[in-house]
Amino acid sequence: MAEEEDETGFEEEADEGPGGVDICHGRRKRLFSKELRCMMYGFGDDQNPYTESVDILEDLVIEFITEMTHKAMSIGRQGRVQVEDIVFLIRKDPRKFARVKDLLTMNEELKRARKAFDEANYGS
């Protein structure tokens, strides 16, 4: 066991990521790698960015999502995340708030378009 420990004493922190997920030696499944690589390329990075860069960015994204989810669960209806809770949490960040509003508006427009399409094809 002693030979497994890092000299700097960071072995425990290296083994677990956000939410206690095992990330040591790439054992954790990367959820957003493909999307993050595309986003990084779109923002000016190399077409094939370093895996370490993608991994760090993904850790940050997962940490942000986890923190926001925990905060959202603690407000509103306890133990349940609703859209209004997320909007409440980001209301003071104008860029995020505007983006969420745009996405919610687009989602409503898509729902209406799907409903109209279904009614036109399957309705009487």
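Calculation notes
- Residues numbered from 1 in each chain as written.
- Predicted model: local features only at pLDDT ≥ 70, side-chain atom pairs only at ≥ 80, totals over all residues.
- Heavy atoms only, no water.
- UniProt positions renumbered as here; feature names shortened; annotations may be inferred.
- Helix = DSSP H or I, 4+ residues; strand = E, 2+ residues; numbered from the N terminus.
- Buried < 20%, exposed > 50% of the residue type's maximum accessible area, 1.4 Å probe, protein only.
- Patch = residues over 30% accessible without salt bridge, like charges linked within 9 Å, V, L, I, M, F, W, Y side chains within 5 Å.
- Areas by Shrake-Rupley, 256 points an atom, 1.4 Å probe, with all protein chains shown as cover.
- Salt bridge = Lys/Arg side-chain N within 4 Å of Asp/Glu carboxyl O.
- Contact = heavy atoms within 4.5 Å.
- Axes fitted to C-alpha atoms, helices over the stretch in contact; angles between N-to-C directions.
- Parallel < 35°, antiparallel > 145°, perpendicular 65-115°, else oblique.
- Polar contact = N/O pair within 3.5 Å; in protein donor to acceptor, adjacent residues only side chain to side chain.
- 1 Å grid on protein atoms, 1.4 Å probe; cavity = no way out; pocket = protein on both sides within 12 Å on 5 of 7 lines; lining within 4 Å.
- Points joined across faces, edges and corners; volume = space filled by probe spheres on them.
- Nonpolar A, V, L, I, M, F, W, Y, C, P; charged D, E, K, R; others polar.

- If you check an unreviewed UniProt entry, the protein appears there as Transcription initiation factor TFIID subunit 13 from Cynoglossus semilaevis.
- Of the comments in the UniProt record for the protein, the one headed Sequence similarities (unreviewed entry) reads "Belongs to the TAF13 family."

**Description of the environment of Asn 48**
Here is step 1 of the chain: Within the secondary structure, Asn 48 is located in the loop between helix 2 (33–42) and helix 3 (51–74).
Here is step 2 of the chain: On the basis of relative accessibility, which here comes to 61%, the residue Asn 48 falls in the exposed class.

**Overview of a nonpolar patch on the surface**
Here is step 1 of the chain: Among the surface-exposed residues, Ile 56, Leu 57 and Leu 60 lie close enough to one another that they form a single nonpolar patch of about 270 Å² accessible area.
Here is step 2 of the chain: Along the chain, Ile 56 falls in helix 3.

**Digging into helix 4 (residues 83–90)**
Here is step 1 of the chain: Of the positions making up helix 4, those classed as buried are Asp 85, Val 87 and Ile 90.
Here is step 2 of the chain: The inward-facing, buried residues of helix 4 contact helix 3 and helix 5 (94–122).

**Concerning the packing of helix 2 against helix 3**
Here is step 1 of the chain: Between helix 2 and helix 3, the least distance of the axes is 10 Å, while the angle of their chain directions is 110°. Considering their axes alone, helix 2 and helix 3 lie roughly perpendicular with respect to each other. Where helix 2 abuts helix 3, its residues Ser 33, Leu 36, Arg 37 and Met 40 lie against Thr 51, Ser 53, Val 54, Leu 57, Glu 58 and Val 61.

**Comments concerning the environment of Gln 78**
Here is step 1 of the chain: Here Gln 78 lies in the loop between helix 3 and helix 4.
Here is step 2 of the chain: Note on Gln 78: relative accessible area 63%, which makes it exposed.
Here is step 3 of the chain: A polar contact is formed between the side chain of Gln 78 and the backbone oxygen of Ser 74, at a distance of 2.9 Å.

**Quick word on the layout of surface pockets**
Here is step 1 of the chain: Considered as a void within the structure, the largest pocket measures approximately 280 Å³ in volume.
Here is step 2 of the chain: Taken together, Phe 32, Glu 35, Leu 36, Met 39, Met 40, Phe 43, Leu 57, Val 61, Phe 64 and Ile 65 make up the lining of the largest pocket.
Here is step 3 of the chain: At the level of secondary structure, the elements contributing two or more residues to the lining of the largest pocket comprise helix 2 and helix 3.
Here is step 4 of the chain: Classifying every residue of the lining of the largest pocket by side-chain character gives nine nonpolar, no polar and one charged.
Here is step 5 of the chain: Here the second largest pocket is characterised by a volume of approximately 240 Å³.

**Focus on the pattern of salt bridges**
Pairing is possible between side chains of opposite charge, provided their charged atoms come close.
Here is step 1 of the chain: Counting across every chain of the model gives five salt bridges.
Here is step 2 of the chain: Here Lys 96 makes a salt bridge to Asp 93, at a shortest N to O gap of 3.5 Å.
Here is step 3 of the chain: Overall, Lys 96 belongs to the partly exposed group, its relative accessible area being 38%.
Here is step 4 of the chain: Put simply, Lys 111 and Glu 108 hold a salt bridge, and the shortest N to O gap is 3.9 Å. Of this pair, Lys 111 and Glu 108 both sit in helix 5, three residues apart, which is roughly one turn of that helix.
Here is step 5 of the chain: We classify Lys 111 as partly exposed; its relative accessible area is 45%.
Here is step 6 of the chain: Here the residues in one salt-bridge network are Arg 30, Asp 55, Glu 58 and Asp 59, joined through shared partners.

**Let's talk about the side chain of Ser 33**
Here is step 1 of the chain: Within the secondary structure, Ser 33 is located in helix 2.
Here is step 2 of the chain: Beyond its immediate chain neighbours, meaning those up to four positions away, Ser 33 contacts Val 54 and Glu 58.

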